[in-house]
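Structure at a glance
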Amino acid sequence: MSSIWLKRSCLDDDPHSLMAHVLVVEDDHDISELIVHYLQNAGHTTHRLGSGAEVMGYLRAKAADLVVLDVMLPGLSGMAVCRAMRDDTATSHIPIIMLTARGDEADRLAGFDHGADDYVTKPFSPKELVARVAARLRRTGPPAAQAAPADAVLRYQGITIDAVRHRVTLDDTEIHLTAKEFLLLQYLISHRGRVLSRDVLLTDVWGYQYTGGTRTVDVHIRRLREKLPVLNDAIETVKQFGYRLA
């Protein structure tokens, strides 16, 4: 039964979370049924898939606002699905919360390297998962729920960030970022010149008390430098503290 995987939580449901269409990819029927139950009680619409091979076809036919993705799937693994989503322009912006029974740091970093935005280790609280979905949507938001912010377009050294279209270009060439990479870049540019600690970045960009460790920030900074070479020198590493965008 799913009770061996899912533990009870005292977290309250968040009535103010954005409503979204969430794709749940989990081959354990009991676990996926319980996740769907809690997501629907929070007001979201859902769809369930039991294998990784079905994901890309579904997302091309019907877009999702967020994907809850198990790592261990029959056929195509969650890691492979995550990478396929990030490599496809139609799905690269969709937030991904990965589920796994393996919780050591190496596995979490591997998930982030493949483009995951969050990582939840089994056993987990379904209410906490719903809270994490809400936190993710508050920052990326379903397209229909997003209002254009005052700083909808940001520019920095040839980089242009269009927050409404969730699009990043470098000298008019589109750069494909994950949802978390996008938000981190947006935050760095909005706070350029300031020294930002890893803890501040985790709190303000990840949006909750993240337990994965500050190396998560380093992984995402490295990926930004790789995708946007202009940031190699522009993002300054402040030893044993954090980062500053010059």
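**Let's talk about the nonpolar core**
I159, L185 and L231 are the most contacted members of the largest nonpolar core, which has 29 residues in total. At the level of secondary structure, the elements contributing two or more residues to this core comprise β6 (153-156), β7 (159-162), β8 (167-170), α6 (179-190), α7 (198-206), α8 (215-227), α9 (231-234) and β12 (242-245). Here this core takes seven residues from α6, the largest share from any one element.

**Examining the environment of S92**
Position of S92 among the secondary structure elements: in the loop between α3 (78-87) and β4 (96-100). Separated by 85 residues in the primary sequence, S92 and L177 place their C-alpha atoms 6.9 Å from one another. Leaving out residues up to four positions away in the same chain, S92 has contacts with M85, R86, H176, L177, T178 and A179.

**Thoughts on the sheet that holds strand β9 (residues 173-175)**
The antiparallel open sheet is built from four strands, whose spatial order is β6-β7-β8-β9. Pairing within the sheet leaves two strands with one partner each, and these edge strands are β6 and β9. On average, each strand axis in the sheet is inclined to that of its neighbour by 25°, with strand direction left out of account. Sheet topology places β7 next to β8; four bridges connect them, and they run antiparallel. Its bridge partner being in β8, I159 is matched across the sheet by L170. Contacts from α6 reach β6, β7 and β8, with the element oriented near 115° to β7.

**Digging into α3**
Of the positions making up α3, those classed as buried are G78, M79, V81, C82, M85 and R86. The arc that holds the buried residues of α3, viewed along the axis, is 160°, so those residues lie on one side.

**Thoughts on the packing of α6 against α8**
Pairs of packed helices are described in terms of their axes, by the angle between the two and the distance that separates them. At their nearest, the axes of α6 and α8 sit 10 Å apart, and the two run at 85° to each other. Taken together, the axes of α6 and α8 are roughly perpendicular relative to one another. Residues K180, E181, L184, L185 and L188 of α6 touch α8, and the partners they reach there are H220, I221, R223, L224 and K227.

**Focus on the pairing of strand β3 (residues 66-70)**
Counting buried residues along β3, five of its five residues qualify, which places the element largely inside the surrounding structure. What you see with β3 is no split at all: L66, V68 and D70 on one side and V67 and L69 on the other are buried throughout. Note that strand β1 (residues 21-25) and β3 share four bridges and pair parallel. In the sheet register, V24 faces β3, and the bridge partner there is V68. Pairing geometry for β3 and β4, over four bridges, is parallel. Counterpart to L69 in the pairing with β4 is M98. Handedness of the β-α-β unit built from β3, α3 and β4 comes out right-handed.

**Digging into α7**
Inspection of α7 places R198, L201, L202, V205 and W206 among the buried residues, and these make up the whole buried set. Along the axis of α7, the buried residues cluster in a sector spanning 100°; they form a single face.

**Digging into the packing of α6 against α7**
Across the interface, α6 lies against α7 with an axial gap of 10 Å and an inter-helix angle of 115°. Where α6 crosses over α7, the two elements pack in a sense that is right-handed. Residues K180, L183, L184 and Y187 of α6 pack against V200, L201, D204, V205 and W206 of α7. Counted by class, the contact of α6 with α7 contains seven nonpolar, no polar and two charged residues.

**Points about the sheet that holds strand β10 (residues 195-197)**
Spatially, three strands are ordered β10-β12-β11 in an open sheet, and the strand pairing comes out antiparallel. Among the strands making up the open sheet, the edge pair consists of β10 and β11 (235-238). Strand-to-strand twist across the sheet, computed as the mean angle between neighbouring axes with direction ignored, equals 30°. Pairing of β10 with β12, which is carried by three bridges, proceeds in the antiparallel orientation. Bridging across to β12, L196 finds its partner in Y243.

Cut-offs and rules
- Residues numbered from 1 in each chain as written.
- Predicted model: local features only at pLDDT ≥ 70, side-chain atom pairs only at ≥ 80, totals over all residues.
- Heavy atoms only, no water.
- Core = buried A, V, L, I, M, F, W, Y, C linked by side-chain atoms within 4.5 Å.
- Buried < 20%, exposed > 50% of the residue type's maximum accessible area, 1.4 Å probe, protein only.
- Helix = DSSP H or I, 4+ residues; strand = E, 2+ residues; numbered from the N terminus.
- Contact = heavy atoms within 4.5 Å.
- Pairing = 2+ DSSP bridges.
- Axes fitted to C-alpha atoms, helices over the stretch in contact; angles between N-to-C directions.
- Arc of directions from axis to C-beta.
- Parallel < 35°, antiparallel > 145°, perpendicular 65-115°, else oblique.
- Right-handed = clockwise from strand over helix to strand, strands pointing away.
- Left-handed = near helix turned anticlockwise from the far one by under 90°.
- Nonpolar A, V, L, I, M, F, W, Y, C, P; charged D, E, K, R; others polar.

That's the geometry; what it means functionally is another story.
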